[in-house]
Amino acid sequence: MAMLQMRDIIWGLLFLGCTAAIQVQITPAQGEISVGESKFFLCEVTGEAKDIDWYTPSGEKILHSMQDLSVSRSDEVTSSLTIYHANVDSAGIYKCVARDGEKEAQATVQVKIFQKITFQSAPSPQEFTEGDTADIVCNVVSSPPPTIIWKHKGSKIQASKDVRYKIMANGHLQIRGIKKTDEGMYTCEARVMARGEIDFKTMKVVVNVLPTIRARQFEVNATADIGSSALLACDADGFPDPVVTWTHNGAALEEGDKYSLNEDGSELIIKDVKKVDEGDYTCTATNKAGEKSQEVGLNVFVQPKITYLNNKTASEFDEEVILTCEASGDPTPTISWSSESTIFTEGEQSLDRNIVVYSHARVSSLTLKNVQFTYAGQYLCIASNSIGQDSQSVYLEVRYSPKILGRVASYTWEKNPANISCEVDAHPEANVVWFKDGSQLPSANTTNVKIYNMPTVSYLEITPESQIDFGNYNCTATNELGSESKEFILIPADVPSAPEIQQVESFSSTAMVEFKEPDSTGGVPLLKYRVEWRFPGKEWTHKEYSVEDGNTKILVTGLKPETAYEVKMSAINGKGEGESSAASSFKTKPVQYSFTISSETLPAIAATILPLIGEPSAPKLEANLAEEGNSLRVTWIKQDDGGLPIIHYLVKYKAKHVPEWKPEIRVPSLSEHMTLNGLAWNTEYEVHVVAENQQGRSDPGVVSIKTAAQPTAIPGSAHGGSGLGTGAIVGILIVVFFLLLVGVDVTCYFLNKCGLLMCIAVNVCGKAGPGAKSKDIEEGKAAFTKDESKEPIVEVRTEEEHSPNQEVKTPTEPNETTPLTEAEPAVTETTPLVVKILPSTATNSVSESFSTAQSSPASESTTLTISTSSPTKAAPSTTSPNSSSTAPPGAGKTDPQPNVGPLVDLSDCPKAAPPSHQTPPALEPVSPPSDGQQSKGDSVKGRDSAQSKESRLDGPTQDAPKAPCTDSPAPVQNDGKIVKDDNAKSETEVKNATTEVKTVPNEAPQANGNESRA
């Protein structure tokens, strides 16, 4: 029973539980939706429910198709509500109701709608103009409204500390007087404290700067009509970079044929400027901040141009003639006049007021009053302003009667034609007639008269046959305006008067005669001067010299040293020679020479013949232009050689306007002139020539001359060049060079035993070349030869050239002042005398040698060694300069003497005289020179006058070696050994009176220390 009750209770409870099981639950229980977002809610029913419905906050049942609201039932116990794009109206309490018959259950959910932080407007970049009040926009919405914070470059802007900043109620940032430094990135930050929500926007603020513009030149000047351009420039600044545009007279200027602009438009180039381009130009700089303008003025000037000028014609004695000249230009040109070297400006131009210039604006007139025939000619009108000038010529033609000019007196002599010139100045051209004693020439009876008429001159040629042909001649010229006559006189010419010798400057072998020109030339030009000189009481020697303008000095050459002379001179013209001047006496200076006297020379001789030696005198120079025009031929005359032979001449030259001298050139002593080539055109050169002997150098002889102007065309250039091409010329040069190398090698092989050919001969053939010297010659030994002639033994020697500036520390070499042999013991009976003199001849007599020396000064030196001995004593010693011979047996040992023969100059290869057996000369007092005295024992003739003495210079000149003698019949010594004669008689005679002839040439190329120079 109890069990049944319990069961009923349980089932009742179960029944009651089932009937009360409908329940509704909404998930989520609360809803917050941001505006614009969407969200759904799920309604779950516990128990069985037939219907599940949703209701809006207004109680309206939500159907499936309502806007922004959607209800869907996925199964029997669930239903979802979706709210799309929520807005403020979507807020409220939504209800979910579940029904099953009479059973019903419901649940509600409150939906809240809020505004999320939203930046509605925050543009970037935002641009403002410098100096304006900037309003930086940042529009933010949210619910509740947000708090706005501004930041610049990461730092919070505090408006309370900087009055320029202000945060507006709408959240904008206001900056008063914004600057370029305010430019940058700004941050607008929004915060909602209730939700802890924060958001920000970054925006760029750009501050634009109004352009500034300035002209580089406010005024630009240009010249019109010459094709020039004008540059107008404006420099603009601003941000952003402004663009520059140009306008002129309100019209915009565009790139084209007339104008050109650079990339930013700041430079405007106006091409081919004309006068119409003048005016103001406006340059405008524009950017986002605004624009600015500047004006630039262009001034266009015009060069003067003569627009009117005409030739004029007038007659002599007209009242006046006016020449008019008009010119245009800007600025207004000034007009002036000129004629030949005379310039006429505004106002009266002459004391007689006959020439007046008047100018007004652009017109000028030149008025010539009382017209004279001299007014005729060309006049120049010159218009000038600050820009330039223009000039044109106008010709004034003046018609006038003839005017006769010309020299009245003419001179001539019988049978010599003379021209009388009648110069006629007339316009129009005049007719000229000649008269003699009222009769017109030429007449039927005059065969010695000819007339030559030219447009402006008439020549009367007369060949006088007698005194009747001399006298007056009349020239009459006639044209349509009148006639004029003039008397001319023909006078017999005379010989010139005598010149006057004012001074004679003498040297050892020359004399400079300075004279005064004749007072009268006889009416005709001088042609020559005749100079005569002589020993007092002897025959006159004469020479004629051409007349040179302004030259009153004549150099007389070929005189003897220390000799008294008389000189006179006369002048020569076409008529003949005039009277001679009074004779003037002078004495040439002595030649500076010296002797080397041995210890046995008598004191009396030494005291009388030892003048001092020294440097030579400066040579006399003369320079002339060569045919090329840029080449100079310099000629010199040797003066006193200082007692020693001239070694060489040193020539240097330079252009006068430069300080540096050209390298010094050495010229052989025999040369008397040289040519300097390749000089600059139209340049004055200074040339110095110095003579040098062993004592030193002379003062320089100086001459100056100017080269010719460079010709505009090279003669012959118009005919074209050679037909050879460049390749052919190069080939020819290579072949010539190769042949020269072969020639040099062959020469070295035969002469010096060296070179490539010598190497081949030695290495291949095993033999030396044919030109090799023998062993004896290499050791300095001489070869012995025989000669059948009975000539005196002749030894040819040379010596090393020695400069006085060198310090010689080796043993002294023989020179002109030392014997050629070392001292050696001599025979006691021998009295030596070693004499060194300047002449080029040697004699067997001391007195004769001195006479020759006085009468023939030369540049060569000769050493005479004369030794006398007993007939039984032989002196066969022949010693070279570098070795000494032993004394002969029985010779004394007290007095050494050089046992050598007399030396003579063999440089010109004289013919030896037949040998003569003479006894040794004895010492005699020196006799003075006498006229006409000749050396009896002269064995050497003078130098060949035909010998060439010219050195032509294209580069540095070396001393030219003398040619070796080949025509001397005398046996020649070689390296100090004498050629002996087999004939006993001749040998005995030679031993008894040994005479050695040794020559020291002036110059020879230097070889080595062991070889002589020839």
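Preceding this paragraph is the structure being described.
Conventions adopted
- Residues numbered from 1 in each chain as written.
- Predicted model: local features only at pLDDT ≥ 70, side-chain atom pairs only at ≥ 80, totals over all residues.
- Heavy atoms only, no water.
- Helix = DSSP H or I, 4+ residues; strand = E, 2+ residues; numbered from the N terminus.
- Buried < 20%, exposed > 50% of the residue type's maximum accessible area, 1.4 Å probe, protein only.
- Contact = heavy atoms within 4.5 Å.
- Pairing = 2+ DSSP bridges.
- Axes fitted to C-alpha atoms, helices over the stretch in contact; angles between N-to-C directions.
- Disulfide = S-S within 2.5 Å.
- Salt bridge = Lys/Arg side-chain N within 4 Å of Asp/Glu carboxyl O.

1. Here's the deal with the overall build of the protein chain
Along the backbone of the protein chain there are seven helices and 66 strands. Buried residues in the protein chain amount to 40% of all 1014 residues. In the protein chain, the proportion of contacts linking residues at least 24 apart, taken out of those at least 6 apart, comes to 67%.

2. Remarks on the pairing of strand 8 (residues 103–114)
In this sheet, strand 8 lies alongside strand 2 (residues 30–34) in parallel orientation, the contact comprising five bridges. Residue pairing across strands places Gly31 opposite Val111, the latter belonging to strand 8. Relative to strand 8, strand 7 (residues 92–100) runs antiparallel, the two sharing nine bridges. Bridge pairing links Gly92 to Val111 in strand 8. Connecting the antiparallel pair strand 7 and strand 8 is a turn made up of two residues, with Gly101 showing a positive phi of about 65 degrees.

3. A look at the sheet that holds strand 47 (residues 541–546)
With respect to topology, four strands assemble into an open sheet ordered 47-46-49-50, the strand pairing being antiparallel. Bordering the open sheet on either side are strand 47 and strand 50 (584–587), each of which pairs with just one other strand. This sheet shows a mean twist of 30 degrees between the axes of neighbouring strands, independent of strand direction. Pairing analysis gives six bridges linking strand 46 (residues 526–534) to strand 47, with the strands arranged antiparallel. For Lys528, the partnering residue across the bridge sits in strand 47 and is Ser546.

4. A look at the side chain of Thr82
Structurally, Thr82 is set in strand 6 (residues 78–83). If near-sequence neighbours (up to four positions away) are discounted, Thr82 is found in contact with Lys39, Phe40, Asp68, Leu69 and Ser70.

5. Observations regarding the state of the cysteines
Taken as a whole and judged by the stated rule, the model has five disulfides. In this model Cys234 forms its disulfide with Cys283; the gap between the sulfur atoms is 2.0 Å. In this structure, the disulfide formed by Cys234 and Cys283 twists by about -75 degrees around the S-S bond and is classed as left-handed. Of this pair, Cys234 sits in strand 20 (residues 230–239) while Cys283 sits in strand 25 (residues 279–287), and the two are 49 residues apart along the sequence. When its relative accessible area of 0% is taken as the criterion, Cys283 is described as buried. With its sulfur 1.9 Å from that of its partner, Cys325 forms a disulfide with Cys381. The disulfide joining Cys325 to Cys381 has a torsion of about -80 degrees about its S-S bond and is therefore left-handed. One end of the pair, Cys325, is in strand 28 (residues 320–330); the other, Cys381, is in strand 34 (residues 377–384), with 56 residues separating them in the sequence. By relative accessible area, which is 0% here, Cys381 ends up buried. Each bonded cysteine in the protein chain gets a number by its place in the sequence, and the pairs come out as 1-2, 3-4, 5-6, 7-8, 9-10.

6. Observations regarding unusual backbone geometry
For the peptide bond that leads from Asp330 to Pro331, omega is 5 degrees, which places it in the cis range. Relative to the elements of secondary structure, Pro331 occurs in the loop between strand 28 and strand 29 (334–339). In this structure, Pro428 follows His427 across a cis peptide bond, with omega equal to 5 degrees. Along the chain, Pro428 turns up in the loop between strand 37 (418–427) and strand 38 (431–436). One non-glycine residue with positive phi stands out, namely Asp225, at about 65 degrees. Inspection of the secondary structure puts Asp225 in the loop between strand 19 (219–224) and strand 20. Overall, Asp225 belongs to the exposed group, its relative accessible area being 52%. Located in the positive-phi region is Phe317, a residue other than glycine, with phi close to 75 degrees. By the element assignment, Phe317 lies in the loop between strand 27 (312–315) and strand 28. According to the relative accessible area criterion, Phe317 is exposed, its value standing at 66%.

7. Re the pattern of salt bridges
Using the criterion set out here, one finds 27 salt bridges in the structure. When the shortest N-O distance is used, the salt bridge between Glu76 and Arg73 registers 3.7 Å. Of the charged contacts, one joins Glu480 and Arg399 as a salt bridge, the two residues approaching to 2.2 Å between their closest N and O atoms. Residue Glu480 is located in the loop between strand 42 (471–479) and strand 43 (482–492), and its partner Arg399 is located in strand 35 (residues 389–405); the two are separated by 81 residues in the primary sequence. Relative accessible area serves as the criterion here: at 59%, Glu480 is assigned to the exposed category. According to the relative accessible area criterion, Arg399 is partly exposed, its value standing at 25%.

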